[in-house]
Amino acid sequence: MQLYTMLRQLADSWMLLFLFVFFIGVVLWVFRPGSTKTYEDTSKIPFRHENKPATSEEARK
C-alpha cells in the first residue's frame, strides 16, 4: 500500500504542478510573436481553392 500512497501524493502535487506549467508553456508557444503568419496561413487552407479545384502542383503546397 505504500507504493500506492506515494504515487497518489506524487500525482496530487508534482504532476499537477507539471501539467500546469506545461499548459502555460503551450499557451505561450501559441501566442508567441512569430507564430501569427503560420496560424493565419493554416486557417485559410479550406478557402484556398474556393472558386476552382486545385491543380496537382497547387495541392502539394
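You'll find the structure just up there.
What counts as what
- Residues numbered from 1 in each chain as written.
- Predicted model: local features only at pLDDT ≥ 70, side-chain atom pairs only at ≥ 80, totals over all residues.
- Heavy atoms only, no water.
- Helix = DSSP H or I, 4+ residues; strand = E, 2+ residues; numbered from the N terminus.
- Buried < 20%, exposed > 50% of the residue type's maximum accessible area, 1.4 Å probe, protein only.
- Areas by Shrake-Rupley, 256 points an atom, 1.4 Å probe, with all protein chains shown as cover.
- Axes fitted to C-alpha atoms, helices over the stretch in contact; angles between N-to-C directions.
- Parallel < 35°, antiparallel > 145°, perpendicular 65-115°, else oblique.
- Contact = heavy atoms within 4.5 Å.
- Nonpolar A, V, L, I, M, F, W, Y, C, P; charged D, E, K, R; others polar.
- Phe/Tyr/Trp six-rings, centres within 6.5 Å; stacked < 30°, edge-to-face > 60°.
- Lys NZ or Arg CZ within 6 Å of the ring centre and 35° of its normal.
- Salt bridge = Lys/Arg side-chain N within 4 Å of Asp/Glu carboxyl O.

Visitor: How should I be thinking about the overall build of the protein chain in this particular structure?
Guide: Helix and strand counts for the protein chain come out as four helices and zero strands. Each helix (α) and strand (β) of the protein chain, taken in turn from the N terminus, gives the series α-α-α-α. In the protein chain, which comprises 61 residues, the share counted as buried stands at 2%. By element, 68% of the accessible surface of the protein chain is carried by carbon and sulfur atoms, the whole surface being about 6200 Å².

Visitor: Explain the packing of helix α1 (residues 2-12) against helix α2 (residues 14-30) to me, please; I cannot follow it from the model alone.
Guide: Helix packing geometry: the angle between the two helix axes and the distance between the axes. At a minimum axis separation of 3 Å, α1 and α2 run at an interaxial angle of 30 degrees. Taken together, the axes of α1 and α2 lie roughly parallel to each other. Contact with α1, carried on its side by Q9, L10, A11 and D12, involves W14, M15 and L16 of α2 and no other residues of that element. Of the residues assigned to the contact of α1 with α2, the class counts are five nonpolar, one polar and one charged.

Visitor: Before we go on, may I ask you to explain the packing of aromatic side chains in this structure?
Guide: Geometrically, a pair of aromatic rings is defined through the distance of the ring centres and the angle of the planes. Summed over all chains, the structure comprises one aromatic pair. One cation-aromatic arrangement involves R32 over W29; the distance from NZ or CZ to the ring centre is 3.9 Å.

Visitor: In this structure, what is going on with the side chain of S35? I would like to understand it.
Guide: Along the polypeptide, S35 turns up in the loop between α2 and α3 (36-43). Residue S35 is classed as buried on the basis of its relative accessible area of 2%.

Visitor: Could you clarify how one ought to interpret the pattern of salt bridges in this entry?
Guide: A pair can form between side chains of opposite charge whenever their charged atoms are brought close. This structure, assessed with the given rule, holds one salt bridge. Between R8 and D12 there is a salt bridge; the shortest N-O distance is 3.3 Å. With R8 and D12 both in helix α1 and four residues apart, this pair spans about one turn of that helix. Among the residues examined, R8 registers a relative accessible area of 46% and is labelled partly exposed. Among the residues examined, D12 registers a relative accessible area of 45% and is labelled partly exposed.

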